[in-house]
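An overview of the molecular structure
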Amino acid sequence: MSLFHFVNCSISVFAPYYIISDGYKLSKNEGSTKLFFIAFFYYFTSQIVKLFALAFLSIGLMQSMTIFNIIFQEAGNFFDLIGLYYVLSHKQMHMFNIKSRVLSAGLSWGFCESVATNFFPFLVGGKSVDFSLKHIYRSISANTFLISNLSKTYLLYLWIKNVQNKKKVNSVNSLLIYFTFILPLMNKIILINEDIISSVIFIKLVALFFITLILFCCAKYIFNSQIEKVEVVKSNTSYSYDNDVYDNSEDNENDANKGLKKKNNKRKKSR
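Residues numbered from 1 in each chain as written. Predicted model: local features only at pLDDT ≥ 70, side-chain atom pairs only at ≥ 80, totals over all residues. Heavy atoms only, no water.

1. What about the overall build of the chain?
The cut-off we apply is this: In this description a helix means any DSSP run of H or I spanning at least four residues, a strand means any run of E spanning at least two, and both kinds are numbered starting from the N terminus. Contact criterion: two residues are considered in contact whenever any of their non-hydrogen atoms come within 4.5 Å of each other.
Each helix and strand in the chain was counted, giving eight helices and zero strands. Going from N to C terminus, the chain has its helices and strands arranged as α-α-α-α-α-α-α-α. Taking contacts inside the chain between residues at least 6 apart in sequence as the whole, the part at least 24 apart equals 83%.

2. Section: the UniProt feature "transmembrane region" (unreviewed entry) in the chain
For clarity, the threshold we go by: UniProt positions are given in the numbering used here, feature names are shortened, and annotations may be inferred rather than shown by experiment.
Under the UniProt annotation, the feature "transmembrane region" (unreviewed entry) is placed at residues 35–61, 67–88, 100–120, 140–160, 172–190 and 196–219. The distance from the first to the last C-alpha atom of residues 100–120 is 29 Å, and the span holds 100% helix and 0% strand. When the span residues 172–190 is considered, its composition is 100% helix and 0% strand, and the gap between its end C-alpha atoms is 26 Å.

3. Things to note about the nonpolar core
Formally: By nonpolar core is meant a set of buried Ala, Val, Leu, Ile, Met, Phe, Trp, Tyr and Cys residues that side-chain atoms within 4.5 Å join together. Relative accessibility thresholds used throughout: buried, under 20% of the residue-type maximum; exposed, over 50%; partly exposed, between the two (1.4 Å probe, protein chains only).
Counting residues in hydrophobic clusters, the biggest one holds 44 residues, and the most contacted among them are Leu 107, Leu 150, Tyr 154, Leu 155, Tyr 157, Leu 205 and Phe 223. Among the elements of the structure, helix H2 (32–57), helix H4 (78–89), helix H5 (98–126), helix H6 (134–161), helix H7 (169–190) and helix H8 (199–270) are those that each provide at least two residues to this core. Counting residues per element, this core draws most heavily on H6, at eleven residues. In contact with Tyr 157, other than residues within four places in its own chain, are Leu 88, Ile 98, Arg 101, Val 102, Phe 223 and Ile 227. Counting residues in each nonpolar core, the second largest holds six residues, with Phe 6, Cys 9, Val 13 and Phe 14 among its members.

4. Let's talk about the pattern of salt bridges
What counts, and what does not: The rule for a salt bridge is simple: a side-chain nitrogen of Lys or Arg has to be within 4 Å of a carboxyl oxygen of Asp or Glu.
The final tally for this structure, using the stated rule, is two salt bridges. Glu 74 is the partner of Lys 188 in a salt bridge, and the nearest nitrogen-oxygen pair spans 3.5 Å. You can see Lys 188 sitting in helix H7 and its partner Glu 74 sitting in helix H3 (residues 67–74), a full 114 residues away along the chain. On the accessibility criterion, Glu 74 (9% relative accessible area) is buried.

5. Looking at the packing of H4 against H6
Applied cut-off: Here, axes are lines fitted to C-alpha atoms. For helices the fit covers the stretch in contact, and angles between N-to-C directions go from 0 to 180 degrees. Working definition: roughly parallel below 35 degrees, roughly antiparallel above 145 degrees, roughly perpendicular at 65 to 115 degrees, and oblique for all remaining angles. Should the near helix be turned counterclockwise from the far one by less than a right angle, the crossing is left-handed, whereas a clockwise turn marks it as right-handed. In this count, Pro and Cys sit with the nonpolar residues alongside Ala, Val, Leu, Ile, Met, Phe, Trp and Tyr, while Asp, Glu, Lys and Arg are called charged and the others, Gly among them, polar.
Where H4 contacts H6, the two axes come as close as 10 Å, and the packing angle between them is 65°. Of the possible angle classes, the one that applies to H4 and H6 is roughly perpendicular. Seen from above, H4 lies across H6 with right-handed handedness. Along its contact with H4, which presents Asp 80, Leu 81, Leu 84, Tyr 85, Leu 88 and Ser 89, the element H6 presents Lys 152, Thr 153, Leu 156, Tyr 157, Trp 159 and Ile 160. Of the residues assigned to the contact of H4 with H6, the class counts are eight nonpolar, two polar and two charged.

6. What to know about the side chain of Glu 113
Note the threshold: Polar contacts, as used here, are pairs of N or O atoms within 3.5 Å; protein pairs need one atom able to donate a hydrogen and one able to accept it. Residues neighboring in sequence count only if both atoms are side-chain atoms.
Relative to the helices and strands, Glu 113 is located in helix H5. Reaching out from Glu 113, the side chain makes a polar contact with the side chain of Asn 149 at a distance of 2.9 Å. In this structure Glu 113 touches Tyr 43, Asp 80, Phe 145 and Asn 149, once residues within four positions along its chain are discounted.

7. What about the environment of Gly 106?
Structurally, the position occupied by Gly 106 is in helix H5. Those residues in contact with Gly 106, other than ones at most four positions away along the chain, are Asn 149, Leu 150 and Thr 153.

8. Some details on a nonpolar patch on the surface
Condition: Exposure above 30% relative accessible area and the lack of any salt bridge qualify a residue for a patch; like charges then connect within 9 Å, and the nonpolar side chains Val, Leu, Ile, Met, Phe, Trp and Tyr within 5 Å. Here the accessible surface of atoms and residues is derived via Shrake-Rupley with a 1.4 Å probe, and residues count as covered only by protein chains that are part of the display.
A contiguous nonpolar surface patch, about 310 Å² in accessible area, is contributed by Ile 67, Ile 71, Ile 189 and Ile 192. Mapped onto the elements, Ile 189 comes out in helix H7. Judged by its relative accessible area of 38%, Ile 189 falls in the partly exposed class.

Structure below.
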């Protein structure tokens, strides 16, 4: 793997994070840097807990790459949801508007995951002379998981705040299961023979990317529609509250005017 190949793979993995962050001006939000370090802390904490849990539960199991072992390993991805849950529940998440902070949390989590799973293999591979397509495969998978992490963040926020309709609970939960368990499982199965140069692997990864992209659009649509409904309800509530305050003030003024009129009438009668 040459230096050019290393730089090319690194750009294809990490450049989308910069493009999205710069496009939405997330760095200009106050508290975005602190939110990144919060995501960094909870990500690596969840990974350590996941490793210990898998190591403890896998005692006595065969370490070969069988389907059972792959499913068992990918089941540990639910620890990622727990870590992401704590990120979204942190008080720092209330520093700026909903869409920006959820997007910031998803990007921060995905960036930490990309550094942990891709940067160091790229760095080690960059020192070797042999060219390997597995790093290109990993680049495609990294962009797939970028979309997946953003989708998980949107859906988990809806699940935490419980702002979705009851009819959409099943769709939110189903999408969460796909992005948390099914997608990593399919990706792991495709990349079992990643050292082999095969166009079939490339086609499968690209197909998986587009499937994930379509489901991401569904998750984003659900998120935007529900958040807009919440904002409309809040605006209507504040508007009705302002009207009530205004009506109460008018009633108080009318009562005061009536009281003054009664006093004036009494004075006239006494005269």
